[in-house]
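The residues making up each chain are set out below.
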Amino acid sequence: MKTKFLIIAVILHSSFTVFSQTKSVEYKDGGQMLNGISVKPAKAAKNNPGILILPAWMGIDDHAKDSANRLAKLGYTTFVADIYGIDKRPKDYSEAGQKAGYFKKNIKEYQTRIQLALDQLVKQGANPNDIVVIGYCFGGTGAIESARTNMKVKGIVSFHGGLSHDETRTIENINPKVLVLHGADDPYESREEIEKFQNEMRTAKADWQMVYYANAVHSFTDKNAGNDNSKGAAYNEKAEKHSWNAMLVFLKEVL
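Computed from a prediction, not measured in an experiment: that's the story for all the values here. (Residues numbered from 1 in each chain as written. Predicted model: local features only at pLDDT ≥ 70, side-chain atom pairs only at ≥ 80, totals over all residues. Heavy atoms only, no water.)

Draft legend 1. Representation of the sheet that holds strand β1 (residues 22–29) in the model. Pairing is mixed in the open sheet, where 8 strands are placed in the order β1-β2-β4-β3-β5-β6-β7-β8. The sheet terminates laterally at β1 and β8 (208–213), the two strands that pair on one side only. The sheet shows a mean angle of 20 degrees between the axes of neighbouring strands, taken without regard to direction. As paired elements, strand β7 (residues 177–183) and β8 share 6 bridges and run parallel to each other. Within the sheet, the bridge partner assigned to Leu179 lies in β8 and is Gln209. Most of the contacts of helix α6 (residues 191–203) go to β8, to which it runs at about 155 degrees, and overall it touches β7 and β8. (Pairing = 2+ DSSP bridges. Helix = DSSP H or I, 4+ residues; strand = E, 2+ residues; numbered from the N terminus. Axes fitted to C-alpha atoms, helices over the stretch in contact; angles between N-to-C directions. Contact = heavy atoms within 4.5 Å.)

Take a look at the structure:
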């Protein structure tokens, strides 16, 4: 009887291990050590598509990791990018603003970190021809940069991401499909910036969509953002659910 119980325990433990498949992955940008998170599905979707997740300005957080796990359960190989570096994670919002601001001003360095994370996603088994980049806030800005520079991805999804860019840059045609999910009351994106972004997409001949969510401000997908819209950033359960479903429809379309 004891032997039977032991066998059952081993089988259960083995099943759990195969299902989770989450691990830290170290990689480098020159001398800077980076540490992302890989989550492999127990059963991959057809053609083994991959999703790169770009976190908000605090770096790898619970929100990004939760998205990686939820998508892995749907059959996607996922990878959460480390943009800042193991020893460069911000300690508070003030430091996060400074670090995110640096990469927005030095956009080529941001693009390099995104590309390195894409490379790691492929190394973890994702099909290099079936990848989508998603990002939150600062990460949403990065997702849009993935489209602007025509990284080898099928599409990008920006959740309440920054839309502006250096207007001295030449606007090239954009190949990846673009989905922007935006809070209708987000105070951090002016009407002028939104209009410029939309005109940029038109000039770039992009296949793009922009969806607005009522009563939603910045960070509407983040449960840790509180619920006070007057602060400019707050969680909105309805907007979070609708935007997640919009992303899933988009993923089925492009992958």
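Read on for the rest.
Draft legend 2. Summary view of helix α7 (residues 237–254). Taking 1.5 Å of rise per residue, the 18 residues of α7 would be expected to cover 26 Å, and the 26 Å separating its terminal C-alpha atoms lies within 8% of that figure. Listing the buried residues of α7 in full gives Ala239, Glu240, Ser243, Trp244, Met247, Leu248, Phe250, Leu251 and Val254. Elements in contact with the buried residues of α7: β3 (50–54), α2 (62–73), β5 (131–136), β6 (155–159), β7 and β8. With a side-chain oxygen positioned 3.2 Å from the backbone nitrogen of Lys238, the residue opening α7 is Asn236. (Expected span 1.5 Å × (residues − 1). Buried < 20%, exposed > 50% of the residue type's maximum accessible area, 1.4 Å probe, protein only. Polar contact = N/O pair within 3.5 Å; in protein donor to acceptor, adjacent residues only side chain to side chain.)

Draft legend 3. Spatial organisation of the pairing of strand β2 (residues 32–39). Counting buried residues in β2 gives 7 out of 8 residues, a clear majority hidden from the surface. Linking two consecutive strands that pair antiparallel, namely β1 and β2, is a turn of 2 residues; a positive phi of about 65 degrees is found at Gly30 within it. The pairing of β2 with strand β4 (residues 77–80) spans 3 bridges and is classified as antiparallel. Bridging across to β4, Val39 finds its partner in Thr78.

Draft legend 4. Spatial organisation of the layout of surface pockets. Size it by volume and the largest pocket reaches roughly 870 Å³. If you trace the largest pocket, you find 36 residues lining it, with Trp57, Lys104, Cys137, Phe138 and His218 closest to the centre. Only α2, α3 (93–105) and α5 (138–148) provide two or more residues apiece to the lining of the largest pocket. For the lining of the largest pocket, the element with the highest residue contribution is α3, accounting for 6 residues. Of the residues that constitute the lining of the largest pocket, the class distribution is 13 nonpolar, 12 polar and 11 charged. (1 Å grid on protein atoms, 1.4 Å probe; cavity = no way out; pocket = protein on both sides within 12 Å on 5 of 7 lines; lining within 4 Å. Points joined across faces, edges and corners; volume = space filled by probe spheres on them. Nonpolar A, V, L, I, M, F, W, Y, C, P; charged D, E, K, R; others polar.)

Draft legend 5. Broad picture of the environment of Asn48. With respect to the element layout, Asn48 can be found in the loop between β2 and β3. Remark: the alpha-carbon pair of Asn48 and Lys104, spanning 56 residues in sequence, is separated by 32 Å. In contact with Asn48, not counting residues within four places along its chain, are Thr77, Gly125, Ala126 and Asn127.

Draft legend 6. A look at the environment of Lys105. With respect to the element layout, Lys105 can be found in helix α3. Judged by its relative accessible area of 76%, Lys105 falls in the exposed class. Note: C-alpha distance between Lys105 and Lys238 (133 residues apart in sequence) is 33 Å.

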